[in-house]
Amino acid sequence: QVHLVESGGGLVQAGGSLRLSCVASGSILGFEAMGWYRQVPGKHREMVASIITGDTTYYGDFVKGRFTISRDNAANAVYLQMNSLSPEDTAVYYCNARETTEVWADYGTWGQGTQVTVSR
């Protein structure tokens, strides 16, 4: 089973940027989709960004052009560049890998999560 390890979270001021990284313990070529999801206490986990085979990307409505997802198959990694962060983006961000392109469902292999905190 592939393990996913996230990094790059932290504390940033509103308007700032962070780049999250997720490295898999094995090849990600077998996954139809890689993505980033986030969760705040008391709420369901929501899809932030996903990239599927062929490099089609999907973003949550709240992203509004601020985030960019990318993947590096040679490095077994997926990244999330987040710009113009706001306090509403504060959450635990999880990396995900799945054998389906159904990116809106809660499914697949998850990392342990990385905390992103945006201060006012």
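Here the structure is shown first, and the text comes after it.
What counts as what
- Residues numbered from 1 in each chain as written.
- Predicted model: local features only at pLDDT ≥ 70, side-chain atom pairs only at ≥ 80, totals over all residues.
- Heavy atoms only, no water.
- Salt bridge = Lys/Arg side-chain N within 4 Å of Asp/Glu carboxyl O.
- Buried < 20%, exposed > 50% of the residue type's maximum accessible area, 1.4 Å probe, protein only.
- Helix = DSSP H or I, 4+ residues; strand = E, 2+ residues; numbered from the N terminus.

Chemist: Could you give an account of the pattern of salt bridges, naming the residues involved and the relevant values?
Modeler: The tally for this structure, following the rule as stated, stands at five salt bridges. Two residues, Arg 38 and Glu 46, come together in a salt bridge whose shortest N-O distance is 2.8 Å. Residue classification places Glu 46 among the partly exposed positions, given a relative accessible area of 32%. The partner of Asp 106 in a salt bridge is Arg 45, with the nearest N and O atoms 3.1 Å apart. Here the residue Asp 106 occupies a position in the loop between β9 (91–98) and β10 (109–110), and Arg 45 occupies one in the loop between β4 (33–39) and β5 (46–52), the gap between them amounting to 61 residues. Overall, the relative accessible area of 54% leaves Asp 106 in the exposed class. Given a relative accessible area of 25%, Arg 45 falls into the partly exposed group. Each member of the salt-bridge network shares a partner with another, and the members are Arg 38, Glu 46, Arg 66 and Asp 89.

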